Amino acid sequence: MPELSKDTTVCISLAGRPSNIGTRFHNFLYAELGLDFLYKAFTTTDIAGAIAGVRALGIRGCSVSMPFKEAVIPLVDHIEHSAAAIGSVNTIVNDGGELTASNTDYEAIASLIESHRLDPAASVLVRGSGGMAKAVVAAFHGAGFRDLSVVARNAEAGPALAATYGFRWVPEDPPPGGDIVVNVTPLGMNGTDAGALAFSPEHIAAATTVFDVVAFPAETPLIRAAREAGRDVITGAEVIALQAAGQFARYTGVTPTPDQVARASAHSRA
């Protein structure tokens, strides 16, 4: 890594539960590519103040995670289609004080649906109705899926999300039978929910593919149970690597190779 100086470009992340994954991912690539950049993770209780700081201090890029993905929308100057279409932001780029928001989560999910060759004729259960759930549901819709149920207890956000794309909302788990089950909640994430199983063993057994967007740990209880049941899995580690690569390109103007992304992702979890 180049020696830090007044000319070093700074990028940050804002999350309710910061981890070192993004920090290690980005800094690994900065060092490998010889870029004079530094990445640091933060949390905040003042999201408006934090975004004002991004603008005022010339912070080049800001990754946005739960629970700030929607709260930052009125705080930026421009919103790209990827974020505007789903009302959720995960990336902010600062160009001379002008803040532009986008959503590389959507791009990552769409890429994984394609690369894992998920069948648009399959039925899908998506647990969650927050910012990341919007990206997931929109990506499945964009990939041609038509049989999808949003499982969410939130009686406002759940129906609204489902209705936006012509899908169903259910407040509780339907009977097992979804071909693809997707967890987009903190269930299984390190912390208070670390031991939670996002879907029942019966739902896992009935599925062909189990998808958990929780990135830390990569092997959540849901993913472990799915592997033990012999189901195909898509992990949050895959999501975070692809979305981080998209952010990296926006911040630096450099697109890392697939090999560099893979090695940066492995380093981020070492």
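Residues numbered from 1 in each chain as written. Predicted model: local features only at pLDDT ≥ 70, side-chain atom pairs only at ≥ 80, totals over all residues. Heavy atoms only, no water.

Enquirer: I would appreciate a short explanation of the packing of helix α4 (residues 104-115) against helix α9 (residues 236-252) in the present structure.
Expert: Each pair of packed helices can be summarised by the angle the axes make with each other and by the distance between the axes. At a minimum axis distance of 8 Å, the contact between α4 and α9 shows a crossing angle of 130 degrees. It follows from the interaxial angle that α4 and α9 lie oblique. Every pair of crossing elements has a handedness; the one defined by α4 and α9 is right-handed. Packed against α4, whose contacting residues are Thr 104, Asp 105, Glu 107, Ala 108, Ile 109, Ser 111 and Leu 112, the element α9 presents Glu 238, Val 239, Leu 242, Gln 243, Gly 246, Gln 247 and Arg 250 at the interface. (Axes fitted to C-alpha atoms, helices over the stretch in contact; angles between N-to-C directions. Helix = DSSP H or I, 4+ residues; strand = E, 2+ residues; numbered from the N terminus. Parallel < 35°, antiparallel > 145°, perpendicular 65-115°, else oblique. Left-handed = near helix turned anticlockwise from the far one by under 90°. Contact = heavy atoms within 4.5 Å.)

Enquirer: For this particular structure, what's the right way to read the packing of aromatic side chains?
Expert: Describing an aromatic ring pair means giving the distance of the ring centres and the angle of the ring planes. On inspection of all chains with the given rule, the structure shows three aromatic pairs. Aromatic pair Phe 140 and Phe 145: ring centres 4.9 Å apart, planes at 85 degrees, arrangement edge-to-face. Taking relative accessible area as the criterion, Phe 140 reaches 0% and is therefore assigned buried. Clustering of aromatic rings is evident, with ring pairs tying together Tyr 30, Phe 37 and Phe 248. The cationic tip of Arg 127 hangs over the ring face of Phe 199; the distance from NZ or CZ to the ring centre is 4.8 Å. (Phe/Tyr/Trp six-rings, centres within 6.5 Å; stacked < 30°, edge-to-face > 60°. Buried < 20%, exposed > 50% of the residue type's maximum accessible area, 1.4 Å probe, protein only. Lys NZ or Arg CZ within 6 Å of the ring centre and 35° of its normal.)

Enquirer: Where do I start with the environment of Cys 11 in this structure?
Expert: If you trace the backbone, Cys 11 turns up in strand β1 (residues 9-14). Judged by its relative accessible area of 0%, Cys 11 falls in the buried class. Sequence-wise, Cys 11 and Ile 59 are 48 residues apart; in three dimensions their C-alpha atoms are separated by 5.7 Å. Aside from chain neighbours lying at most four places away, what touches Cys 11 is Tyr 30, Phe 37, Leu 38, Tyr 39, Lys 40, Ile 59, Arg 60, Gly 61 and Tyr 251.

Read these as geometric descriptors, not functional statements.
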